[in-house]
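Listed here are the chains, written in short residue letters.
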Amino acid sequence: MSNNLLQGKKGIIFGALDDMSIAWKVAERAHEEGAEIILTNAPVALRMGKIADLGEKLGAEVVPADATNMDDLNALLDRAEAQFGKIDFVLHSIGMSLNVRKKRVYTDLNYDWYHKSLDISALSFHRMIQTLYERDLMNEWGSIVGLSYIAAQRTFSKYNDMAEAKALLESIARSFGYHYGKKRQVRVNTISQSPTPTTAGSGVKDFDQMLKFAELGSPLGNATADECADYTIMMFSDYTRKVTMQNLFHDGGFSSMGISEELLDAFRETQHPKS
Ligand code: NAI
């Protein structure tokens, strides 16, 4: 259902890999709401993923850019500037840890990979915003959103070095939110999303159990990727112009819960199995 919430707006969406990706759903919803978008992802993802199909479906240009590479980011913004002039919204939907991928546990991290996790999953947010800021490419009252996870605040034993990446990501939103707010009234926020079955999500060890735990611990249940897209669209719209420098939980209530009846029941079942 479209309400033309983004009519006339232009944006860049980082991180659509396949139709499970949160960024994929955001791109579809942004298009539905009247926005014009450019899609981008790392060159390797362009080769392996299905983003070209999405670009075709939405009539959106797909521009390769490794989010850790300043030349790539500048080339991407050259394309965006040529096509749109200034930009109204940007989604950073990027996460990757080689320690997670190669199953290194938190107490035995490879530090080169740790650097990479922080660079790809968090510093890229700063690089992206700084490049926009220096080139003055955002319209006034524009909106920048990054996607985060509650492991930034609390310990989730299997989330590994991505916990620090998310803590850094959220801090960058606060720090740059100040500077961009002063300069152009641009808002910068992170959305802290429920566990969601995607390529990045499923890479985390015991992801299915984490998903189930969060489901049982959330009064409204886990938020889906489609619901995350709806929330992100609202953050890009003019209805949230004074929301900035926030980490916004989009998790069915999980972040305010201690224990629920459903978790107690599941725990009871492990102690006294029925049959
Ligand atoms: P996804 O695997 O579909 O998306 C991750 C994207 O990051 C991919 O498109 C990948 O190509 C891109 N990427 C990796 N390295 C890159 C680089 N160097 N340059 C540019 N792009 C690069 O998975 P998902 O779940 O849609 O992830 C999107 C965001 O949502 C991530 O920040 C993730 O941490 C966050 N998130 C995911 C949750 C989940 O349970 N799936 C929960 C909370 C947050």
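Here the structure is a predicted model, which means the values were calculated and not measured.

### Concerning the overall build of the protein chain
Next up, step 1: Each helix and strand in the protein chain was counted, giving 11 helices and seven strands.
Next up, step 2: Whereas a compact globule of 275 residues would reach a radius of gyration of roughly 19 Å, the protein chain reaches 19 Å, a difference of no more than 12%.
Next up, step 3: Its C-alpha atoms put the protein chain at 65 × 45 × 40 Å along the principal axes.
Next up, step 4: Classification of the 275 residues of the protein chain by burial places 49% in the buried group.

### Observations regarding the pairing of strand β1 (residues 10-14)
Along any regular strand the residues' side chains alternate between the sheet's two faces.
Next up, step 1: Burial runs high along β1: five of the five residues are buried.
Next up, step 2: The alternating pattern of β1 places K10, I12 and F14 and G11 and I13 on opposite faces, both of which are buried.
Next up, step 3: At this point the chain moves from β1, through helix α1 (residues 22-32), to the parallel strand β2 (residues 36-41), and the crossover so formed is right-handed.

### Structural notes on the packing of α1 against helix α3 (residues 51-58)
Next up, step 1: In the contact formed by α1 and α3, the axes pass within 11 Å of each other and the chain directions differ by 5°. One way to sum up the angle between α1 and α3 is to call them roughly parallel. Where α1 approaches α3, its residues W24, A27, E28 and H31 are matched on the opposing element by I51, L54, K57 and L58.
Next up, step 2: The class makeup of the residues in the contact of α1 with α3 is five nonpolar, one polar and two charged.

### Concerning the sheet that holds strand β6 (residues 187-193)
In any sheet, the strands associate via hydrogen bonds between backbone groups, in a parallel or an antiparallel arrangement.
Next up, step 1: Reading across from one edge, β3-β2-β1-β4-β5-β6-β7 is the order of the seven strands in this open sheet, with parallel pairing throughout. At either end of the open sheet lies a strand with only one pairing partner, and these are β3 (61-64) and β7 (247-250). Averaged over all pairs of adjacent strands, the angle between strand axes in this sheet comes to 20°, irrespective of strand direction.
Next up, step 2: Sheet topology places β2 next to β3; four bridges connect them, and they run parallel. If you follow T40 over to β3, its bridge partner there is V63.
Next up, step 3: Its contacts with the sheet put helix α6 (residues 111-135) on β1, β4 (87-92), β5 (138-148) and β6, and the angle it makes with β4 is roughly 170°.
Next up, step 4: The strands touched by helix α7 (residues 162-184) are β4, β5, β6 and β7; relative to β5, the strand with the most contacts, the crossing angle is about 175°.

### Notes on the site of the ligand
Next up, step 1: Neighbouring the ligand are 27 residues; S21, N41, K166, T196 and T198 lie closest to it.
Next up, step 2: A distance of 2.9 Å is found between an oxygen atom of the ligand and a backbone nitrogen or oxygen belonging to I22.
Next up, step 3: Between the ligand and D66 there is a distance of 3.1 Å, counted from a nitrogen atom to a side-chain nitrogen or oxygen.
Next up, step 4: Contact with the protein chains covers 93% of the free accessible surface of the ligand, which is 820 Å².
Next up, step 5: Listed by contribution, the elements that provide at least two residues to the shell around the ligand are β5 and α8 (199-202).
Next up, step 6: Top element by residues in the shell around the ligand is α8. It accounts for three residues.
Next up, step 7: The class makeup of the residues in the shell around the ligand is 13 nonpolar, 12 polar and two charged.

What counts as what
Residues numbered from 1 in each chain as written. Predicted model: local features only at pLDDT ≥ 70, side-chain atom pairs only at ≥ 80, totals over all residues. Heavy atoms only, no water. Helix = DSSP H or I, 4+ residues; strand = E, 2+ residues; numbered from the N terminus. Rg over C-alpha atoms; globule rule 2.2 N^0.38 Å. Buried < 20%, exposed > 50% of the residue type's maximum accessible area, 1.4 Å probe, protein only. Right-handed = clockwise from strand over helix to strand, strands pointing away. Axes fitted to C-alpha atoms, helices over the stretch in contact; angles between N-to-C directions. Parallel < 35°, antiparallel > 145°, perpendicular 65-115°, else oblique. Contact = heavy atoms within 4.5 Å. Nonpolar A, V, L, I, M, F, W, Y, C, P; charged D, E, K, R; others polar. Pairing = 2+ DSSP bridges. Near = heavy atom within 4 Å. Polar contact = N/O pair within 3.5 Å; in protein donor to acceptor, adjacent residues only side chain to side chain. Areas by Shrake-Rupley, 256 points an atom, 1.4 Å probe, with all protein chains shown as cover.

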